[in-house]
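If you want the building blocks of each chain, they are given just below.
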Amino acid sequence: MSLSCLVEYHDRQPFIRSVACLLKGSLQPFGQSLAMFHLHRKPVVHHVRTCAPACTYPLPVQPRPKPAPVSDRLAETPEEGYFVLTNVREGLPADTPPITSLRIVAVPAKTQPEMNTPNLGVTADDPGKCVLGTVPVERDGSAYFVAPSGVPLFFQALAADGTAVQTMRTATYLQPGQKLGCVGCHEGRSTPAANRRPMALNRPPSRITPGPEGSWPLRFDKLVQPVLDRHCASCHTPGKPGGRWNLSPDAAYHTLVTYGQPSLRDHVQTRYREGRSVAGQGAAATSPILALIRKGHHGVRLEAGDMERLIVWMDTYAQRLGSFSPAQEQELMLLRQRWAKLLSP
Ligand code: HEC
Ligand code: HEC
């Protein structure tokens with residue numbers, strides 16, 4: 001049988017190498033249907049069976065050979081695995097600026113049983129965050145890098161100025177020794193991956209270049225306050241010409257998260273409510289504070305390292321802290337020593 005309607009590979013499950021089963025709600029006139037496709041020929045439906053009342057996520061139950069166990073392989077390299085990203089631009093809007101690196105952020109587990117306690121940032125519900133650092137993205141959008149296994153991680157795609165173009169708001173993790181691939185930021189569900197070799201695979205895996213001081217684990221007082229002390233405090237403490245915006249240590253966090261329209265707090269809370277991040281609308285890229293400084297502000301000149309500190313803090317959603325207790329913070333610092341071989345010298 002062949003159908004002239006638009007067909008889409010959806011929730012596909014291979015039966016044998018060349019025939020897949022799929023579900024497509026709109027296979028008119030069949031309605032919710034189970035169909036069989038031939039993968040290597042023109043997409044023609046071979047068999048359709050209408051399901052009543054529904055057949056969401058069908059699984060083939062034909063017996064097949066038991067896969068070989070893989071546990072032995074996992075034990076060989078206990079601490080690390082590899083990520084291969086084929087093209088970061090898949091899934092990002094076409095007018096996205098070049099993506100030159102990825103930021104890798106670890107999500108430390110919450111250690112306290114009480115909800116929203118301690119409060120790490122502006123939503124009261126923020127997860128722990130620990131910036132492991134950045135890895136390069138090649139010209140073709142590919143990346144290949146080592147990362148610690150057994151740690152929940154998420155990624156940010158960074159433009160050349162270091163600001164995040166897109167942030168992953170779910171975590172993924174590696175098994176020891178695993179090489180895990182992904183396509184873009186991300187590919188559409190029915191898009192096949194491009195059949196070409198990623199440039200990043202022509203070289204050894206990148207090691208992670210650690211972020212600025214105070215980002216592993218995240219701490220506003222160590223990451224951002226030193227920049228304010230060096231470049232802003234002379235005018236932005238009570239009694240000074242810019243005293244209306246107090247950037248001394250006890251007031252700076254509040255001043256920075258509430259400044260401007262939308263303020264950093266508005267930005268983070270909106271993203272929190274929506275539960276998603278929007279490509280091209282990152283916290284640093286849209287920050288009124290960075291715009292003010294970049295435009296020229298009373299002769300303030302921030303070196304690249306200081307700018308990076310502000311950007312990292314804003315793009316990791318303006319948290320005051322990234323760990324839930326001093327003991328956890330200590331553990332994260334020890335992990336940094338233990339993972340030294342994964343990091344760029
Ligand atoms: C910066 C862009 C970006 C990159 C690069 C990226 N992701 Fe994601 N990822 C996302 C977004 C956006 C989502 C959708 C859900 C969300 O908002 O987190 C997601 C979701 C996921 C999910 C959850 C899927 C689900 O159904 O819950 C996994 C797993 C994942 N990504 C793994 C990876 C892996 C593996 C890589 C490659 C090393 C990768 N991601 C690279 C942005 C990205
Ligand atoms: C040489 C003095 C000086 C330095 C250094 C300085 N500022 Fe300012 N800033 C001012 C003055 C003066 C104002 C205006 C105060 C007013 O309107 O009451 C101001 C205003 C501001 C405002 C509010 C702008 C508005 O009108 O909406 C922000 C935000 C700000 N500064 C941030 C910073 C930051 C961040 C730094 C450091 C990176 C910094 N400033 C360094 C003098 C300075």
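Draft legend 1. Main features of the site of ligand 2. The environment of ligand 2 is formed by 16 residues, the closest being Cys 232, Cys 235, Pro 241, Gly 242 and His 298. Here the shell around ligand 2 takes three residues from helix α6 (residues 288–295), the largest share from any one element.

Draft legend 2. Main features of the pairing of strand β7 (residues 130–136). Of all seven residues in β7, six are buried; the element is thus mostly enclosed. Bridge count between strand β6 (residues 99–106) and β7: six bridges; the pairing is antiparallel. Residue pairing in the sheet places Ser 101 in a bridge with Pro 136 of β7.

Draft legend 3. Layout of the nonpolar core. Judged by nonpolar contacts, the single largest core of 55 residues is most densely connected at Ala 143, Ala 157 and Ala 318. Summarising the domain contributions, this core has at least three residues from each of domain 2 (72–213 + 323–342) and domain 3 (220–315). Contacts of Ala 143, omitting those with residues within four sequence positions, involve Leu 85, Val 88, Leu 102, Val 135, Pro 136, Val 137, Glu 138 and Ala 200.

Draft legend 4. Highlighting the sheet that holds strand β11 (residues 179–182). Pairing is mixed in the open sheet, where three strands are placed in the order β8-β5-β11. Each of the sheet's edge strands pairs with one partner strand only, and the pair in question is β8 (143–148) and β11. Sheet twist, expressed as the mean angle between neighbouring strand axes with direction ignored, is 25°. The sheet contact formed by strand β5 (residues 80–85) and β11 spans four bridges and is parallel. Within the sheet, the bridge partner assigned to Leu 85 lies in β11 and is Cys 182.

Draft legend 5. The site of ligand 1, seen in detail. Contacts to ligand 1 come from 18 residues, most closely from Met 168, Arg 169, Thr 170, Cys 182 and Cys 185. Listed by contribution, the elements that provide at least two residues to the shell around ligand 1 are β5, β9 (153–159), β10 (164–167) and β11. Ranked by residues supplied to the shell around ligand 1, first place goes to β9 with three residues. Among the residues making up the shell around ligand 1, the classes are represented as 10 nonpolar, six polar and two charged.

Scoring rules and cut-offs
- Residues numbered from 1 in each chain as written.
- Chains lettered and ligands numbered in written order.
- Predicted model: local features only at pLDDT ≥ 70, side-chain atom pairs only at ≥ 80, totals over all residues.
- Near = placed C-beta within 6 Å.
- Helix = DSSP H or I, 4+ residues; strand = E, 2+ residues; numbered from the N terminus.
- Buried ≥ 20, exposed ≤ 12 C-beta atoms within 10 Å, placed from the backbone.
- Pairing = 2+ DSSP bridges.
- Core = buried A, V, L, I, M, F, W, Y, C linked by C-beta atoms within 7 Å.
- Domains from an automatic or database assignment.
- Contact = placed C-beta atoms within 7 Å.
- Axes fitted to C-alpha atoms, helices over the stretch in contact; angles between N-to-C directions.
- Nonpolar A, V, L, I, M, F, W, Y, C, P; charged D, E, K, R; others polar.

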